[in-house]
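So the chains spell out like this:
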Amino acid sequence: MSFLRDFWRIARSDWTALIGAVVVLLYVVIAVIGPYITQASTAADPSRAYLTPSLSHPLGTDSFGQGVLSEIIVGTRPIMEVGVLAALITVFVGVVVGLVSGYLGGTADNVIMRITDVFLTIPGLPIVLIISSVVRSANPVVLALILSVAAWPGLARAVRSQALSLRTSDFIEAARLQGASLSNIVTRQLLPNVGPYVAIHFLLAITGAIYAEVGLFLLGIAPVSGTNWGAMINSAMNQGALYTTKSMLYLFSPMAAIVILQVAFVYFTRILDSLFNPRLRVQ
Amino acid sequence: MLRYVAKRLVMAFAIIYFVVSLSFFMIRLMPGSPMAALEGKLMQQGGMSPQEIRQRVEAVYGVTPNAPVWHQYVEYIRNAFHGNLGTSIANPGESVVHVIASAAPWTIFIVGTSLVISFILGIAIGALMAAFQNSAFSKVMTFVVSFLSAIPNYLVAIVLLYFLTDIYHYFPISGAYAVDVTPGFNAPFIASAIDHAILPITAFVITSFGAWALGMKGTAVSVLGAEYVRAAETRGLSPKRVAQSYVGRNSMLPQVTGLALSLGFLFGGSVFIEFYFSYPGLGYHLIEAINSRDYSVMMGCFLLITTAVIVANFLVDLLYPAIDPRIARPALRRQVAEPDEPVAVGGVQV
């Protein structure tokens, strides 16, 4: 309970972070209930293209005559779904590799870290682009797996350096003397100590995954099933949205949806940051 | 120092080797692999004997299709290290090396310039934010900077493109230089090249200087509270000396480490930026190759992007001991705590 009380106390004193948390929550709610409150159809009705905002279409209509707001609401779920899945995979792989490597030390650590370094050096986005161009799958799980290929090494390195310093601490020594298994030491002793760092990285991993995911849809490389923000911008640009001011809402609404979410995530992590680092609060 | 350099070199070659192997794997062993697909396509078109088809595939990918896989692998690796990456599928006759050699300078130009500008700008703003911690300037800047660094770079590119080239025609819409200038060391060409590079560089800088500023502010604030800084002040050293040698230098260390890590992100981001500004660099060709399923050009671009990151990383590694002598002398290193891994705020490593 004291955790929640701390959370609220910090959130109240840092209003930008509080807004960030509220906005993230709002997006989650929209992602869950979105498809139940409105529908986006792919039918084209050119007579209703580029309508100005009205009560039935608060953000106007796109070049096919569909309501832009409806499309954005429906498009929230696929983006969030893949983002969260990719972040879960990233965090799982990063934490396991980092903890095991840091705890084992010696040759095993050396080998694991050299492999991690290779993945860390290879530029992430190009490899994601190339893999998804070969795989071409619209399955969210496959997409999430591809997106996390390049994201785990950074976390693994950071977790490892924390595990290295925890390794020599008394409670680990005690657990080892009691004959605790590797999995027990990793999950029950080490994990809770890197938890806060991992929680923050989880949120940042979501923003990273969304960045790459929207990028893939924007470039038209990931196959699209249904509506999402990246595909919306892509089709807006293919419909010549860049050359006319009529389509400004159609082009800029999904962009705003992405920017607001990304910024909210970053501010949200600030609460967790000061929650877990009491030293930051004093400053 | 020699051992340090040798270790980095071995690592660099290991990564290049890994990427070349990966590209072989992608081309040859993937289910429905590009190589099998090309063979099938040529077979369907008809009019070519199996012998001719094999020669064509061999020319494109640089491996003999029906040799044993390990044999193909050895051949592919040997060719790659001899600088033979096959020919383009979309434009037969054009070698992959030619495509990437003409594209690379442009990418290195805009990525390098953006990196230098955003690093210097970010460090300066971060240092000011740390020096005047509780001022309105610092608060406003923290807000602005975290906002900007959370925006995906391709969205900034699209917005710039929309307002500054399509609606108001302030900047050229595509290419690296105008058609009416002759490439070479002459004023019109240089002016045209800069004119074409301004928007891509702006898109980069807007989205990346913030991470440096936040990182610099964070470390500078913690260094300001360190005991050796207080000791230096008590000893009566001039504020300028304390700021430069004690606070400045120690706050820079994590930023230089971050430099190496951010390179991959920058080169990755250039894929989007080059694509939207139709800027003929490696990223642009990579996307074009992906869209036309030109796998040999695709892997060539990827190989060169990776190599550029490795070379730049290597340079940063060489630079590092000059700033932090403890790195090159492991005997001293044991006494200092392992430096914290920099956490990218907003500019997440992808």
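Residues numbered from 1 in each chain as written. Chains lettered and ligands numbered in written order. Predicted model: local features only at pLDDT ≥ 70, side-chain atom pairs only at ≥ 80, totals over all residues. Heavy atoms only, no water.

J.: I'd love a proper account of the pattern of salt bridges, names of residues and values included.
T.: Scanning all chains against the criterion turns up 4 salt bridges over all chains. Each of Arg-114, Asp-117 and Arg-157 of chain A takes part in one network of salt bridges that share partners. (Salt bridge = Lys/Arg side-chain N within 4 Å of Asp/Glu carboxyl O.)

J.: Which residues make up helix 7 (residues 153-167) of chain B, and what are the values?
T.: With 15 residues, helix 7 of chain B extends 20 Å from end C-alpha to end C-alpha; this agrees with the ideal 21 Å at 1.5 Å per step. At Leu-161 of chain B, helix 7 of chain B is deflected by roughly 30°, the largest bend along its length. Taken across its 15 residues, helix 7 of chain B has 11 buried, putting it largely inside the fold. Within helix 7 of chain B, burial applies to Asn-153, Tyr-154, Leu-155, Val-156, Ala-157, Ile-158, Leu-160, Leu-161, Tyr-162, Thr-165 and Asp-166 of chain B. On its buried face, helix 7 of chain B is in contact with helix 9 (182-218), helix 10 (229-238) and helix 11 (248-276) of chain A together with helix 8 (187-224) and helix 10 (239-276) of chain B. (Helix = DSSP H or I, 4+ residues; strand = E, 2+ residues; numbered from the N terminus. Expected span 1.5 Å × (residues − 1). Bend = angle between axes of the 7 residues up to and from the residue. Buried < 20%, exposed > 50% of the residue type's maximum accessible area, 1.4 Å probe, protein only. Contact = heavy atoms within 4.5 Å.)

J.: Run through helix 7 (residues 152-167) of chain A, naming residues and quoting values.
T.: Residue and element names in this part refer to chain A. In a regular helix each residue adds 1.5 Å, so 16 residues correspond to 22 Å; helix 7 covers 22 Å between its end C-alpha atoms and thus fits that length. Buried residues of helix 7: Trp-152, Pro-153, Leu-155, Ala-156, Arg-157, Ala-158, Val-159, Arg-160, Ser-161, Ala-163 and Leu-166, and no others. In this structure, the buried side of helix 7 is in contact with helix 3 (68-104), helix 4 (106-121), helix 6 (140-148), helix 8 (170-177) and helix 9.

J.: Account for the confidence of the model for chain B, naming residues and giving values.
T.: Residue and element names in this part refer to chain B. Residues with a pLDDT of 70 or more make up 88% of chain B, whose mean pLDDT is 80. Within chain B, no element has a lower average pLDDT than helix 13 (residues 330-333), which sits at 52, and none a higher one than helix 5 (residues 96-131), at 90. Scored below 50 in pLDDT, residues 333-350 makes 36 contacts in the model with residues more than four places away or belonging to other chains. Our summary of model confidence lists the complex with pTM equal to 0.83 and ipTM equal to 0.83. (pLDDT = per-residue confidence, 0-100.)

J.: Explain the packing of aromatic side chains to me, using residue names and the numbers behind them.
T.: Taken as a whole, this structure holds 14 aromatic pairs over all chains when the rule is applied. Look at Phe-119 of chain A and Phe-18 of chain B: their rings are 5.7 Å apart centre to centre, the planes differ by 65°, and that puts the pair in the edge-to-face class. Remark: Phe-18 of chain B occurs in helix 1 (residues 2-29) and Phe-119 of chain A occurs in helix 4; the pair is interchain, linking two chains. On the accessibility criterion, Phe-119 of chain A (25% relative accessible area) is partly exposed. Residue classification places Phe-18 of chain B among the partly exposed residues on the basis of a relative accessible area of 29%. Pairing Tyr-211 of chain A with Phe-272 of chain B gives two aromatic rings, centres 5.9 Å apart and planes at 80°, and the pair type is edge-to-face. On the criterion of chain membership, the pair formed by Tyr-211 of chain A in helix 9 and Phe-272 of chain B in helix 10 is interchain, its members lying in two chains. By relative accessible area, which is 7% here, Tyr-211 of chain A ends up buried. What makes Phe-272 of chain B buried here is its relative accessible area of 0%. Ring pairs connect the aromatic residues Phe-119 and Trp-152 of chain A together with Phe-18 of chain B, which therefore count as one cluster. (Phe/Tyr/Trp six-rings, centres within 6.5 Å; stacked < 30°, edge-to-face > 60°.)

J.: Explain unusual backbone geometry to me, and be specific about the residues and the numbers.
T.: For residues other than glycine, phi is negative in most cases, and the peptide bonds are mostly trans. All names here are of chain B. Even without being a glycine, Ser-278 presents a positive backbone phi close to 45°. By the secondary structure assignment, Ser-278 is in the loop between helix 10 and helix 11 (282-291). Judged by its relative accessible area of 26%, Ser-278 is partly exposed.

J.: Tell me about the interface of chain A and chain B, and name the residues and values.
T.: In this complex, chain A contributes 55 residues to the contact, which on the side of chain B involves 57 residues. Per-residue buried area on chain A facing chain B is highest for Ile-130, Tyr-211 and Leu-219 of chain A; these three make up 14% of the total on that side. At the surface where chain A touches chain B, the tally comes to 0 salt bridges. For the pair chain A and chain B, the number of links is 4 residue pairs in polar contact (both at pLDDT 80 or more). Elements with a contribution of two residues or more to the side of chain A that touches chain B: helix 4, helix 5 (124-135), helix 7, helix 9, helix 10 and helix 11 of chain A. Tallied by class, the residues present in the side of chain A that touches chain B amount to 37 nonpolar, 12 polar and 6 charged. (Buried area = accessible area lost by both parts, 1.4 Å probe. Polar contact = N/O pair within 3.5 Å; in protein donor to acceptor, adjacent residues only side chain to side chain. Nonpolar A, V, L, I, M, F, W, Y, C, P; charged D, E, K, R; others polar.)

J.: Requested: an account of a nonpolar patch on the surface, with residues and values cited.
T.: A surface patch of nonpolar side chains, amounting to about 700 Å² of accessible area, comprises Leu-25, Val-28, Val-29, Val-32, Ile-33, Tyr-36 and Ile-37 of chain A. We classify Leu-25 of chain A as exposed; its relative accessible area is 58%. (Patch = residues over 30% accessible without salt bridge, like charges linked within 9 Å, V, L, I, M, F, W, Y side chains within 5 Å. Areas by Shrake-Rupley, 256 points an atom, 1.4 Å probe, with all protein chains shown as cover.)

J.: Please set out the environment of Ile-200 of chain A residue by residue, giving values where relevant.
T.: Residues and elements named next belong to chain A. Mapped onto the fold, Ile-200 is located in helix 9. In this structure Ile-200 comes out as buried when scored by relative accessible area, which is 12%. A sequence separation of 69 residues divides Ile-200 from Thr-269, and the C-alpha atoms of the two residues are 5.9 Å apart. What Ile-200 contacts, discounting residues up to four positions off in sequence, is Thr-269, Leu-272, Asp-273 and Phe-276.

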